[in-house]
Structure formats: C-alpha cells, structure tokens
Amino acid sequence: MRVALYVTCLVDQVWPSVGEAAVRVLRSAGCEVDFDPRATCCGQPAYNTGYHDQARPQARQWIESFEHSGAEWAVLPSGSCAAMVHHYPRLFERGDPWRGRAEAFAERAKELCGFLVDVLGVDDLGARCPARVTWHDACHGLRELGLRDEPRRLLGKVADLELIEMEGADQCCGFGGTFSVKYPELSTAIVDRKCESVAATDADYVVSGDVSCLMQIEGRLRRIGSTTRAVHVAEVLAGMVPARQQETSA
Amino acid sequence: MSRAARETILGAIRKRLREARLGEGLPEDRDAVGPAPRHRLLDADAEQLLTAFRARIEPLGVLVHEVGGLDEALELVRARLRDAGARTVACSDAAALSDLLSRELEAGFQAVDPGDSEALFGADAGVCCAQAGIAETGSLVLDADRERHRLVSLIPPLHIALLHRDRVVPDLATALRDALTEGRAPTALTLITGPSRTADIELKLVVGVHGPKALEIVVHGD
Amino acid sequence: MSGSQLPVERFDANARDALGDPVLRGALRRATDLFGERRRAAIDDVGADDFEALRDHARAIKDATLAHLDVHLERFVAQAEARGAKVHWARTGDEACELLAGLCAGAGAKTVVKSKSMTTEEIELGAALEAHGLRSIETDLGEWIIQQAGEVPSHIIVPAIHKTKAQIAALFADKLGTDPEADEKALTAAARDVLRREFAAAEVGISGVNFAVAETGSILILENEGNARFTTSLPKVHIAVMGIEKVVPRFEDLAVFLKLLPRSGTGQHLTSYQSILTGPKQDPSADGPEELHIVVLDNGRSRFLDQAVTRASLACIRCGACLNACPVYQQVGGHAYGSVYPGPIGAVITPQLVGVGKASQLPYASSLCGACREVCPVRIDIPALLLHLRQEVTEGHEPSGSPFGAQRRPAKRGERLGFRLWSFGVRGRLRYEWGSALARFGQRLVVRGGYVGKVGALLSRLAPPLGAWTGTRDLRGLAPRSFRARWRQELRHQELRRQGLTPSGGER
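Nothing here was measured: the structure is a model prediction, and the numbers come from that model.

J.: Can you help me understand the interface of chain B and chain C in this one?
T.: Think of interface size as the accessible area that goes away when the parts come together; that is how it is often given. Chain B puts 82 residues into the contact, and the matching count from chain C is 104 residues. Summing both sides of the interface, chain B and chain C together bury roughly 7800 Å²; the carbon and sulfur share of this comes to 58%. Three residues, Arg30, Ile201 and His210 of chain B, lead the burial of chain B against chain C; their summed loss comes to 11% of the area buried on that side. Between Asp287 of chain C and Arg148 of chain B there is a salt bridge, with the nearest N and O atoms lying 2.7 Å from each other.

J.: Looking at this model, I keep getting lost on the domain arrangement of chain A. Mind explaining?
T.: Residue and element names in this part refer to chain A. Partitioning chain A into domains gives domain 1 (2-118) and domain 2 (124-249). Here the C-alpha centroids of domain 1 and domain 2 sit 22 Å apart. Taken together, the contacts link 30 residues of domain 1 with 28 residues of domain 2. When the two sides are added together, the surface that domain 1 and domain 2 hide from each other amounts to roughly 2200 Å², 73% of it contributed by carbon and sulfur. Among the residues domain 1 hides against domain 2, the three largest losses belong to Trp15, Cys113 and Val117. Together they make up 26% of the total. For the interface between domain 1 and domain 2, the tally reads 0 salt bridges. Run the count over domain 1 and domain 2 and you get 9 residue pairs in polar contact (both at pLDDT 80 or more). Of all the secondary structure elements, the ones that give two or more residues to the side of domain 1 that touches domain 2 are helix 1 (9-13), helix 2 (16-28), helix 3 (44-49), helix 5 (79-87) and helix 7 (112-119). For the side of domain 1 that touches domain 2, the element with the most residues is helix 2, which contributes 7 residues.

J.: Even after reading the chapter, I still don't get the sheet that holds strand 8 (residues 168-169) of chain B, so can you show me in this structure?
T.: Strand pairing within a sheet occurs via backbone hydrogen bonds; the two strands may be parallel or antiparallel. Taken together, the 8 strands give an open sheet; going across it, the order is 8(B)-5(B)-6(B)-9(B)-9(C)-6(C)-5(C)-8(C), and neighbouring strands pair in mixed fashion. Strands with a single pairing partner mark the edges of an open sheet, and in this sheet they are strand 8 of chain B together with strand 8 (247-248) of chain C. Strand direction decides the pairing type here: strand 6 (residues 139-143) of chain B and strand 9 (residues 188-192) of chain B, joined by 4 bridges, are antiparallel. Across the sheet, residue Asp143 of chain B finds its bridge partner in strand 9 of chain B, namely Leu189 of chain B.

J.: Which parts of the structure should I look at to understand the packing of aromatic side chains?
T.: Centre-to-centre distance and the angle between the planes together describe a pair of aromatic rings. In total, this model carries 20 aromatic pairs over all chains according to the counting rule given. Through pairs of rings, three or more aromatic residues link up here, namely Tyr6, Trp62, Phe66, Tyr88 and Phe105 of chain A. Arg473 of chain C extends its terminal NZ or CZ atom over the ring of Trp469 of chain C, reaching a point 4.5 Å from the ring centre. Arg476 of chain C extends its terminal NZ or CZ atom over the ring of Trp15 of chain A, reaching a point 3.3 Å from the ring centre.

Rules behind the numbers
Residues numbered from 1 in each chain as written. Chains lettered and ligands numbered in written order. Predicted model: local features only at pLDDT ≥ 70, side-chain atom pairs only at ≥ 80, totals over all residues. Heavy atoms only, no water. Contact = heavy atoms within 4.5 Å. Buried area = accessible area lost by both parts, 1.4 Å probe. Salt bridge = Lys/Arg side-chain N within 4 Å of Asp/Glu carboxyl O. Domains from an automatic or database assignment. Polar contact = N/O pair within 3.5 Å; in protein donor to acceptor, adjacent residues only side chain to side chain. Helix = DSSP H or I, 4+ residues; strand = E, 2+ residues; numbered from the N terminus. Pairing = 2+ DSSP bridges. Phe/Tyr/Trp six-rings, centres within 6.5 Å; stacked < 30°, edge-to-face > 60°. Lys NZ or Arg CZ within 6 Å of the ring centre and 35° of its normal.

Written as structure tokens, this is what we have:
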C-alpha cells in the first residue's frame, strides 16, 4: 500500500527522529512510503489564530501534494495536523472546486496510530521498549479524531513496556498553539498540572502522538528538573527508545 | 414601547432566519424530530416502579414509609409528627387529609391554615398529598390546581407527603403528559426530589437552606 | 451595592491576577474536579448510550426550534397570554431594566426578591432596580453571599465558588454578627432566617426562566434551594425574565432537558425542585402570585441566528459543564472573563453580545482542547465557534448598522506581520528550507545542548513570542539535520532499494 507521509513542520525541523520512526513503522507494516518535500506546514498556526487567508495557501499546497502523490492514504505522525486537514473544507466556500478537493483529501488523511490500527488492522509492530511509560492523550487526536484505544493497543503490544495510566491523561497539556505564548503563565499553570500527573506515575517516559504537546510537556519537565523524558509514540513503535539506564550511562 | 419592541425583535429574528435559509439552509421544524429515547422503566410493573422510586429518593435522605390503607397512612403521619416534636401543623385541603386535621386537634396538634403564609412561617410541619410519583427520578409531582399545597410543601421545616402506590409513573415524560388536561397545563406544577439543599459554601452539602429540611413520603394503597 | 465585572478587554491581566491567588486556585480545583467526577457518575447512572441519545435528541429539538424561532415564540406568548400572563418585549438590557423598574413601581414595591438568573445578571438588573430606589435582594445562597460581599458571580451554577468558608464566615460576622468561626451549617441557617423575612416582606419576586413551553405557555425554573419557589409563589407579583432562545415547542420536551441539565451541571439526576408555572393564579383562594409578567429579551441574541455556527450558541442551556471541564477555567475561574458568562461558553457568547472588538481576547482564552464540546449536553461545537470568532477578530468587518460599528478591532500589527512573514516562508519549498537554515544558524545564540534553557531564555526575551515560551519552559531547538535532509540523503534511498531500484539522484 502506498502512503504519503506528511511529517509536519515541527517534526521536520525540530524532532526529525519522529519522522524517521514513522517511516520505519510504516515500512515494517508493509507500506511503501513517499514524502513530498514541497509540503511544508499544514497551516494550522494561522488557521487557529484566525488568519484564514494565510492558512489557505498551505491547504492548497497539501491538497495538491496529495493529489500528485498517487498514494492511497496520507499519514501524519500528529493528531493535531491530521485534524487540521479535516478542517480544510472549512477554508473554502461552498461551490469552490477546492472545497471538494479538500473533502477528498480529508477523507484519506489519517493520524499514524489510527492508520495502523483502524486502516491496516495492525497493532503489533515487534518493537521492544524496556521502560515505564505513561500516555498523554493529545487533545486533537482524542477529541477531533476519536483516538483513545488505538495508541494504547499499540503500546500494549510493545515488548517489556510497562504502561502506567496517569490521572487525567485526557486533560490538555496547555500548549494550544499560539495560546502557549499569548498566555504563557496560564499555559504553564495548565502544564504544571500535567507534570504533576506525570510525576505521580514515576514514568521514565511520557509518550504522546503530537510533537507540539511533547515540546510543551518536555519543556516544563526539563525546567523543573524532572528526569522523565518525552518521546513520540512513533519512536516507541520503531524501537528507537532506549532503556533509561542505557541512556544515563551513555 | 413593548409593542414596538415586539415587532423589532420578531422582525430581526425573521430577517436573520431568512438569511440563514438563503445561505446554509435550516433544519425542519420540531415535528420532524422523532420521539425521545424510550425509558426502560416504561416496561416495569407497579412493584418495580415503587422499588425504583425508593432507590432514587432514599439516598437523598428522604424517609419512605409503606403502609396499607389511608387510615393507616394518617395514623403513621400523626406518629411521625409526634416523633418530630411538631406542635403546629399545616395541612393541605386534600379531602384525604380532612380526617387528619380533626384527630390532630385531639392529639394536641395546633392546625395552621394552608393559605396563611405568615402562620406557615411558624409551623413545624406541612402535610399534603402528591398527585404522582416518578420512578425514574424519585420525584413527587404536586399539581396546585388539585390541592392547596404550594406553600404547605415549602415553608415548614418538615414536609410529609402521602403518595398512592398506583400513582407512581415510570418516567418524567409520562408525568408531564399526565399533568396536562386537554393540552392545558396546571397553574403550578411542582416536582420535588428531596429536601431543600445547597452546596454554595465550599461545595459542602447543607439541607434546608430555604425550603424543608426534611422530607418524608408515606406510600399507601392496598 | 452590587459589584462590577473586571474589564472584558483584559483577559490577559485578569488571568494573571487569578493565577497569583492560591486560595482561589485551590477552591477552583476542588470544585471543578468534584463536578467532573459527579457528572461522570450521573451519566453512568443512565447509561452512556442512553445519555448520548438524549444529547442528540435535545440538540435536534433546539436546532429545529431555533430554525423557526419566531413561530414558537409567538405561540408561547399567545398561550401565556391566554392564561393571564402579561408578556413584555425588550430589545436591549436597558429597555428590560426600565420595563422591570416600571412594573415594580406599578406593584408599589419597596423590596424585590430575586432568584438566580443569568439573564438578569446579564442586564445588570440588580443595580438598575437599586438606582430606582428599590431594595433588590438576591436569594440564592451563593448569589446572596456575593451580593453581601459586593462582588459578581464567578460560576454559572455555584456563584461563590471562589470564596472559602472562612471568607464567608468573616463576611457574615461583619454583616450579620454571626460567629466568625461558624461552619457552613450555621452560616446557611443564618442566611435562611434573614431571607425568610425578605420573602415575607417582598411585594415582587423576579426570576429567570430555564425553559418556556410554546404548547402551553408555561415557564420552568429549576433549583435546589427552594428560593425560586418562594420568589415565584409568595409575593403578589412575579416577573420572569427570559431570553428569546429559551422556548421549547412541547411540554413533553421538558423531560429531555431535565434529564440533561442537572446531570451535566451538578451531577445530580434531578435538582430538588422544578417549578412549572402557567399564568397567575385564577382561583383567589389558591396560593401564588396574582400577577405574572414575562419579559422576553433579545439583547443581541437574534443576531446569532443567521449562521449555523453562531446559532448553535443559542442552544446553550446554562448548565456550566463546560466551565468545569475547561483547563483554562480550572486555573483562573470566572472573574477573569470579565463577563456574566465565563468559561468556554462565555468566551463565545460574550464577544457576540458585547462585540468582538471589545472582547477580542476571549476567543483566544482557550487551548482549543475540545473538552467543552465533549461535555456539552446539547453538543455545541464551542471550538468551532472560537475559531469562527478568532477569524472575526482578525479578518472580520463590522457590517453596516451593527451596534458595534464604533468599536475598533485590535490592530494586532505585530501578529499580522508575523503571520504574513510566516506565510511567505512556508508557501514555497525553497523559501521554507532557506528560512529554516537561517533559523538554524541564528539559534546558535540561544540554544545550548539542543535546548533553549534558562540561560538562553534571558536573550530570547528580545524576541517576544520566544521569550514568552522560554520564561517558564525549556524549548527544544531546531534539530541539526531536518527530516527532509535525512529523507533525501538516506531514507528515500532505502525505499528505492527495497523496490529494487537505484537512486537516480533526481528528486521530485
């Protein structure tokens, strides 16, 4: 099965190992993976801040990219950007041909965990991760795409991985895109509560499906001196996450 | 002023809805909405309804007594009033309670007129009948066109209500439907589910903030 | 006597103040956690599937009613009048206040008792009545506490959620002479005594309306305390104030909303009392008011009707579930919103009522997490509304004849320029790659060991959005090599090898 991978701009520039992990995971699930460097950012920062005129060219860029890819599915290692693609039709008026194209794209756009479990029917990727981990439900994956069981099923099959549910796993981390810098104190107060829950699990890693949430949680954990590290679910599924003893001795 | 306001408001509503109709379109009217989800208690028998009713209301601190006939019910009410130390008692004008009043005097209670609000503020207890009970919610249904109990059930600190066991209906929708007479609603229909309560101070439950501090229900009927 | 709201224009400053109040935040956390838990338990009790079906049904009723609101309102009014109620219409809050003051004067009122009503808070009725020389007494315990303190409510369901027992005990000791160590039972008992005297003395009772039934001309008021029953049955005159959106078509429809509202709000399966009132008393020997007036208020609501996204905000039944679920509300409480309507629903209703220019910060007072939509009993897509209003703030134009024509939208020059630059940078692949290369070079000033830490944070203050992040959080820097570079150099070729092809060197 041919899939077009949209790694998202944050993964591309800030956390490329997630993209690499997604490639490995998709290939081990039997997919042929394509990546189009012409697709840059999905446009979400502008869209969510109210600048639709600036988001629209990005929607067109991604729609065209997918149309040219000839792939069956578009896969994103981000619930938030996948949800943005689902919002694309709202950027175009009724009757605008782009609206139909946006709808067609949205139907084929899937978040990685959802794609593996719901489309491919795969939950065991043969990965191993000897660590205590806790899962953070990124809001858009959870509430816009309905992904609750999929990542847990996938993590459940990872060898030697101990999943400890934190209290309020489905509570927002306080990132919220430009919210995190428009209201920094508030955003930090919200992530503090998340960090409390993470700390209570005594996990080696906090795992999530969105790099944006991970940057927020990681950023605060590091600042308050926590030793818990943040990793993306794709990295876990690709077997790229080391046991913590290895890391500390390395 | 109000007449002009009426025309302005209705005009604004119509204008906006016309724009909506031209734009994205509007849903059909209420009649196109199907029936509400059916409640499971609609298939229950009288015994099950009463069990469900009690299961709902008792956790709220309401005492429910089950007795046989009306005489037995009145006897129990008198006993409960005595136990509560009630001296002045307000009783609604329900025919079923007329006997309670007369014997009450013998029993040393002082009767209070159910319509005398000043006197009601000094009453220790109020007694009335409920027109129905709702199994789904454990609620009493009081229809003010059938009985003078609007204040009796509100002002005194103890409220005792008689409920006939055949009058327990399955759910809210049934109770509301039954309350209409040829499409006409009673002047005041009051649903009562437990004592007056508040949690406005640090979310700590306190009963009897404005209305009754205690509610007791006497279920009767052979 | 009544307090005033914080400035709606300054959510940022209001929120910062709230975050600095540990007592408030402790109270908020306990309250919102408790209501969240109770709500979940109350839903389990009906069964999740049944509850979902009820939500769908309730929303379908609201949608269908709002789509023909004029018809249902007129029917409601005709039926209420047929039963002897006097119906008055008010276009604005001021008009409603004048009307109500006139009705009170007509009743010869000196003291007015009020039961809790968001709509009367919205039009600031209490202050208006006092300006007309009337004593206006809030009778809901929480509202009364707030009135004694000279403050404004901070939660739709629990107005005094922000006050501790100790603060209330001190307030009562000052106002009523009660024991400053009194517990909640003693405080409640003290309020009961005072308010019973007010109920007995008041000539007029003013209430809100939770639902108005077109079929029968009835109004429903739900509560737990019994103060609304006193307000609507003891004074000679009862005046009910309702927004135009409160109408439901059928008497039986009430059952659906009664199953949803308390479960969503306080987690009760039903509140202690529902008063379903139809006209004043007809029989002189019956209990209840001799006159019933119903004031139907627009105050900007009709403007929400033309688009599906804004029309949805009129489906709100004021349960407060979205407040309790909101991570922002949980941290800052209701006052920060500077409006009677706080929390997520307030962030969408307030700008529509007072203008997006004035309340331009509120649509941004959300992380768009969607918890509000998840708990809303009538499934209002609050995040979609927030996005719609954000676009109104940045790109909208006030239509001619808008009451907010004189309001200026914030210029947001820096932000606008930022997004234009960003858009230029991400629109083409080369620009994006060169731009990120430039950033990679530039970040060497502040990135140490892959992150902007405490040290880099000092310098990053010079770039405001960056500094806003790094003041409290480390920031992962751009990776030395991007994913696209790795793709070009290694990953893509692995794929080609898998397919038995050799890299051609060409790129798409």
